[in-house]
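# Overview (structure and organization)
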Amino acid sequence: MNDCIFCKIIDKEIPANIVFENEDIIAFEDAHPVAPIHYLVIPKKHISSMNDVKQEDIEVLGKIQLVLRDLAKQLGVAENGYRVITNCGEDGGQKVKHIHYHLLAGKHLGHKLVKEE
Ligand code: 5GP
Ligand code: ZN
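Throughout what follows, the structure given in this document is the object of discussion. (Residues numbered from 1 in each chain as written. Chains lettered and ligands numbered in written order. Predicted model: local features only at pLDDT ≥ 70, side-chain atom pairs only at ≥ 80, totals over all residues. Heavy atoms only, no water.)

## Brief notes about the overall build of the chain
- Of the regular secondary structure elements, the chain holds 3 helices and 5 strands.
- Order of helices (α) and strands (β) in the chain, N terminus to C terminus: α-β-β-β-α-β-α-β.
- Along the first, second and third principal axes, the C-alpha atoms of the chain reach 35 × 35 × 30 Å.
- Out of the 117 residues in the chain, the part that is buried amounts to 34%.
- Of the roughly 7700 Å² of accessible surface on the chain, 50% is carried by carbon and sulfur atoms.
- Averaged over its 14 positive side-chain charges, the chain has a centre that lies 4 Å from the centre of its 18 negative ones. (Helix = DSSP H or I, 4+ residues; strand = E, 2+ residues; numbered from the N terminus. Buried < 20%, exposed > 50% of the residue type's maximum accessible area, 1.4 Å probe, protein only. Areas by Shrake-Rupley, 256 points an atom, 1.4 Å probe, with all protein chains shown as cover. Lys, Arg positive; Asp, Glu negative; His and termini not counted. Charge placed at Lys NZ, Arg CZ, Asp CG, Glu CD.)

## Structural notes on the coordination of the zinc ion (ligand 2)
- Those protein atoms acting as donors to the zinc ion (ligand 2) are Cys 4 (SG), Cys 7 (SG), His 46 (ND1) and His 98 (ND1), and they sit at 2.0 to 2.3 Å.
- Viewed at the metal, the 4 donor atoms of the zinc ion (ligand 2) are separated by angles of 103 to 116 degrees, and the geometry they form is tetrahedral.
- As a motif over one chain, the donors of the zinc ion (ligand 2) read C-x2-C-x38-H-x51-H. A residue pair is termed long-range when its members are at least 10 positions apart, and Cys 7 in helix H1 (residues 5-10) and His 98 in the loop between helix H3 (89-92) and strand S5 (101-105) qualify at 91 residues. (Donors = N, O, S within 2.8 Å, 3.2 Å for Na, K, Ca; no water. Tetrahedral: all angles 85-135°; square planar, octahedral: opposite > 155°, others 65-115°.)

## So, the packing of aromatic side chains
- Per the stated rule, a full pass over the model turns up 1 aromatic pair.
- Seen from their ring centres, Phe 6 and Phe 28 are 5.4 Å apart, and the 75 degrees between their planes marks the pair as edge-to-face. A residue pair is termed long-range when its members are at least 10 positions apart, and Phe 6 in helix H1 and Phe 28 in strand S2 (residues 25-29) qualify at 22 residues. (Phe/Tyr/Trp six-rings, centres within 6.5 Å; stacked < 30°, edge-to-face > 60°.)

## Remarks on unusual backbone geometry
- Phi angles above zero are rare outside glycine, and Lys 12 is one such case at about 65 degrees.
- Along the chain, Lys 12 turns up in the loop between H1 and strand S1 (18-21).

## A word on the pairing of S2
- The element S2 is largely enclosed, with a buried count of 4 among its 5 residues.
- When S1 meets S2, the two strands line up antiparallel, connected through 3 bridges. Across the sheet, Ile 18 pairs through a bridge with Phe 28, a residue of S2.
- Between S1 and S2, which pair antiparallel and follow one another directly, the connecting turn spans 3 residues.
- Examined bridge by bridge, S2 and strand S3 (residues 37-43) share 5 bridges and lie antiparallel to one another. (Pairing = 2+ DSSP bridges.)

## Here's the deal with the side chain of Gln 94
- Inspection of the secondary structure puts Gln 94 in the loop between H3 and S5.
- Using a relative accessible area of 5% as the deciding quantity, one classes Gln 94 as buried.
- A polar side-chain atom of Gln 94 sits 3.0 Å from the main-chain amide nitrogen of Gly 89.
- Not counting the four nearest positions on each side in its chain, Gln 94 is found in contact with Ser 48, Ser 49, Asn 87, Cys 88, Gly 89 and His 100. (Polar contact = N/O pair within 3.5 Å; in protein donor to acceptor, adjacent residues only side chain to side chain. Contact = heavy atoms within 4.5 Å.)

Nothing here speaks to function; it is all geometry.
Structure follows, in structure tokens:
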């Protein structure tokens with residue numbers, strides 16, 4: 001997918017602050033953080049959204065849970081806690097159409113999952 005911004009980060013065509021990388025997963029700082037700690041963890045395989053996950057993707061998505069866990073520990077927020085979010089589709093607020101997991105931490109994030117409007 002050559003018009004995908006996250007695929008371009010994977011291919012190092014556009015820069016990002018990469019904090020973890022292996023053969024099938026990459027993690028980098030979000031360009032517009034909404035918490036003191038805000039990282040994105042993504043599979044290198046282009047999967048457009050949660051709606052497009054296939055049986056064959058289970059392994060890499062499972063490994064992402066471990067990367068999130070290790071990243072939280074490495075950043076020193078495992079004890080205090082953190083939040084992991086995946087947005088899907090229009091109502092879910094997904095802007096970038098390459099599945100990604102937001103790792104948010106560094107302050108008390110509150111109990112409300114959705115802003116009241
Ligand atoms: P979404 O709204 O799709 O769940 O989240 C997309 C996230 O990607 C946003 O938090 C946004 O700040 C981040 N983002 C968009 N473009 C870039 C980019 O070029 N580099 C980085 N590091 N993050 C980006
Ligand atoms: Zn992509």
